[in-house]
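So you can see what is in the structure, the chains are spelled out below.
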Amino acid sequence: PDISFKETHMAIGAVFKQNLSPYFALTYNATFATISGNDNNFTYLAKRNLSFHTEVREASMQVEFNFLRYATGLHPKRFTPYVYTGLSIFQFAPKTWYNGEEVLLRPLSTEGQGVVDGAPSKYGRYNFAIPIGGGFKYAVARKFNFAINVGYRTTFTDYLDDVSGTYVDAKVLQKSLGRLSAVLSDRSGERDGNPIGYSGRQRGNSQNNDWYIFGGFTLTYVIEDPRCPRNF
């Protein structure tokens, strides 16, 4: 339920924006980022001792609404607050570190996905999200616009971190998928030798899907239509 700034990472992206009017713009975005989480950042989760990281490759189409008449048309403003929403599709592949090696978690079905009777089916590597955010943009020159923004991505999956439901029988996992699957399904014993996972015990919170946040700035270059002069 909390945000750990220790898990903040750099991201980079590109955007193509079409100004439909002084108040509305349509944007096409591609973003490459890393997200991660570690139970050891939170006292009440430390015993569970799970961690993950994943690269996120996101493509999205968004609609922006400017609160002020911005940058195009007659008597525009050089600045405006704005909000946006749209639809994103992203690729992810949660991993963790074990004995100094990076391990992909999805193939291990750590909650029995697609292997154990009654468990959910195996989740895919692609999913959708709804971006909702806002910011402030400023026309720093005739050809350049600067914006700062922050936006939530509400996803349609609860397995961004490979954690969602309940523990499953480690013996069943080991028999079906091998020792590594059983070990990484319950890492609580690594702390004090007393594992807490047993079949049916809560491991995650399947009532809420995962989400992530992007925050940063953009710098865009204006490609003008010679048939429609632009004035500030």
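Structure shown above.
The following refers to the structure shown. (Residues numbered from 1 in each chain as written. Predicted model: local features only at pLDDT ≥ 70, side-chain atom pairs only at ≥ 80, totals over all residues. Heavy atoms only, no water.)

**Things to note about a nonpolar patch on the surface**
At step 1: The grouping of F79, F136, Y138, V140, F144, F146, I148, F217, L219, Y221 and I223 at the surface amounts to a nonpolar patch, some 1100 Å² of accessible area in total.
At step 2: Elements with a contribution of two residues or more to the nonpolar patch: β7 (126-139), β8 (144-155) and β9 (211-221).
At step 3: Examined against the element boundaries, I148 turns out to sit in strand β8.
At step 4: Taking relative accessible area as the criterion, I148 reaches 44% and is therefore assigned partly exposed. (Patch = residues over 30% accessible without salt bridge, like charges linked within 9 Å, V, L, I, M, F, W, Y side chains within 5 Å. Areas by Shrake-Rupley, 256 points an atom, 1.4 Å probe, with all protein chains shown as cover. Salt bridge = Lys/Arg side-chain N within 4 Å of Asp/Glu carboxyl O. Helix = DSSP H or I, 4+ residues; strand = E, 2+ residues; numbered from the N terminus. Buried < 20%, exposed > 50% of the residue type's maximum accessible area, 1.4 Å probe, protein only.)

**Here's the deal with helix α1 (residues 170-177)**
At step 1: Taking the backbone nitrogen of K171 as reference, a side-chain oxygen 2.9 Å away marks D169 as the first, capping residue of α1.
At step 2: Residue G178 follows α1 closely and has a positive phi angle near 105 degrees. (Polar contact = N/O pair within 3.5 Å; in protein donor to acceptor, adjacent residues only side chain to side chain.)

**So, the side chain of E7**
At step 1: Among the structural elements, E7 can be located in the segment before β1 (11-19).
At step 2: As a buried residue without a salt bridge, E7 has its nearest oppositely charged side chain in K6, at a separation of 7.7 Å.
At step 3: Within polar-contact distance, the side chain of E7 engages the side chain of N41 at 2.6 Å.
At step 4: With sequence-adjacent residues up to four places away left out, E7 is seen in contact with S36, G37, N38 and N41. (Lys, Arg positive; Asp, Glu negative; His and termini not counted. Contact = heavy atoms within 4.5 Å.)

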